[in-house]
Amino acid sequence: MQTLFPLLFLFTFTVYANQTFEPSETCKACHPTIYKEFKSTQHAKASIFEDEIHAAVWKKHPKNTKLESYTCAKCHTPAASNIDALVAKHNGVVPDANNSTQMEGISCAYCHRIESIKHDWMMNVNVVSKEEKSYFGSLKKHIESPFHKIKTDSAHFNGGNVCIGCHSHKKNKYDMNVCSTNVKHELDGTNCVSCHMPKVKGNVSNMNETKEHTFHGFPGTHSHQDMLSQYVGIDLKESANTFDVIIDNKSSHALALHPMRVMQLRATVTRDGKTVALENKDFARVIGADGNPTPPWLAKEIVKDTAVKGNEKRVVRYDYALQKGDKVEVTIGYYLVNKKMLKGLDLENSEVATKFHLFKTKSFEIKK
């Protein structure tokens, strides 16, 4: 596979752009637990100043190099005070670390003001409420806040699919879905927050006596992977001269969705105190044209797709004869950036881009 350039983030601006959003720091006074969870996430670190992989993508992106436009702002800094100027072409306005609204990333107030999603051909668009300090929530029983309104009657928000404004799909000019959680509408009618914002112990705020709250750490590829590992099972089935590892993806979407990422299956066998590492197995979705990987803006087809699909049980065979007493350790993990893309993005020395991120490990002992 040749060098594969990363995902396009060619986004149109949010409906009702250039609005004013309360800083997330303000939320800390009443929601310290939720604020602490949020600050550790990629939502809070979505800007090019906090996410070095995203910064590397934007640096190479033709929207930046040719059009001087930061169209990524639509999803990466949607609360920016000058978002209209950021996404405009040839005006010299670029991301600014001194602009506190850009450093907000995807802020608390922004997400809680999404009243609906406009479904579009190239990508979805968030429709944000014009009413400042009036936020959508799902907790029906709550103390009225003296600082903002709380609206719990939003079918859109309560449906748990507020995420698909940014996380649904992105097509290029060739009608190619270059990056998608919802490649074949897998998420239509599903509830994203059930897995990515599970209920955990603790009060929702200083004013509410609740036993649990919705986790705002957003488990994903960057953090809290352990919360998602329960949705992927690992099993082993042995035969005479081979054995199979069964990956059971119980989620409604594929693993390794992003074309930059590579999932990897690793297996070792320990016998008589000696450990043998077997061949690593990679799973990825590669996009390109004419059978070769290309930058996303040139992609016209799926060149190769070995990603484990939603609700799929993938059987991976190893040509290795197991014996009684053998101990087999199976690990599923991933790289945030395909190794063949590192040089093109100047990320060879990036710790987060080159790190193997552990997702789940399971051990087996052969008893017969």
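Whatever comes next refers back to the structure up there.
The rules we used
Residues numbered from 1 in each chain as written. Predicted model: local features only at pLDDT ≥ 70, side-chain atom pairs only at ≥ 80, totals over all residues. Heavy atoms only, no water. Pairing = 2+ DSSP bridges. Helix = DSSP H or I, 4+ residues; strand = E, 2+ residues; numbered from the N terminus. Axes fitted to C-alpha atoms, helices over the stretch in contact; angles between N-to-C directions. Phe/Tyr/Trp six-rings, centres within 6.5 Å; stacked < 30°, edge-to-face > 60°. Buried < 20%, exposed > 50% of the residue type's maximum accessible area, 1.4 Å probe, protein only. Disulfide = S-S within 2.5 Å. Arc of directions from axis to C-beta. Contact = heavy atoms within 4.5 Å. Salt bridge = Lys/Arg side-chain N within 4 Å of Asp/Glu carboxyl O.

### Some thoughts on the sheet that holds strand E17 (residues 313-318)
Item 1. Sheet architecture is open: three strands sit in the order E9-E10-E17, paired in antiparallel fashion. Either end of the sheet is taken by a strand with one partner, and the two such strands are strand E9 (232-238) and E17. In this sheet, neighbouring strand axes are inclined to one another by 20 degrees on average, regardless of whether the strands run parallel or antiparallel.

### Here's the deal with the packing of aromatic side chains
Item 1. Taken as a whole and judged by the stated rule, the model has five aromatic pairs.
Item 2. With a centroid separation of 5.5 Å and 90 degrees between ring planes, the pair formed by tryptophan 58 and tyrosine 70 is classed as edge-to-face. Here tryptophan 58 is found in helix H3 (residues 52-60), whereas its partner tyrosine 70 is found in the loop between helix H4 (62-65) and helix H5 (73-76), with 12 residues between them in sequence.
Item 3. On the accessibility criterion, tryptophan 58 (13% relative accessible area) is buried.

### A word on the state of the cysteines
Item 1. This structure, assessed with the given rule, holds one disulfide.
Item 2. With a sulfur-sulfur separation of 2.3 Å, cysteine 75 is cross-linked through a disulfide to cysteine 166. Where cysteine 75 bonds to cysteine 166 through sulfur, the torsion about that S-S bond is close to -105 degrees, and the disulfide is left-handed. Pair noted here: cysteine 75 is in helix H5 and cysteine 166 is in helix H10 (residues 164-167), with a separation of 91 residues, a long-range link.
Item 3. The buried category is assigned to cysteine 75, whose relative accessible area is 8%.
Item 4. For cysteine 166, a relative accessible area of 25% corresponds to the partly exposed category.

### Things to note about helix H2 (residues 32-39)
Item 1. Every buried residue of H2 is accounted for by Ile34, Tyr35, Glu37 and Phe38. Angular distribution of buried residues about the axis of H2 spans 160 degrees; they occupy a single face of the element.
Item 2. Where the residues of H2 are buried, they touch helix H1 (24-27), helix H8 (108-111), strand E7 (199-201) and strand E8 (212-214).

### Digging into the pattern of salt bridges
Item 1. With the rule as written, the count across this model stands at 12 salt bridges.
Item 2. The residue lysine 60 makes a salt bridge to aspartate 346 at a minimum N-O spacing of 3.5 Å. On the criterion of sequence distance, the pair formed by lysine 60 in helix H3 and aspartate 346 in the loop between strand E18 (327-335) and helix H12 (351-354) is long-range, its members being 286 residues apart.
Item 3. For lysine 60, a relative accessible area of 31% gives the class partly exposed.
Item 4. Between arginine 314 and glutamate 312 there is a salt bridge; the shortest N-O distance is 2.6 Å.
Item 5. Sharing partners across several salt bridges, the network here consists of Lys59, Lys60 and Asp346.

### Here's the deal with the sheet that holds strand E15 (residues 292-293)
Item 1. Ordered by their spatial adjacency, three strands build an open sheet running E15-E14-E16, and the pairing between neighbours is antiparallel. Of all the strands in the sheet, the pair left with one neighbour each is E15 and strand E16 (301-305).

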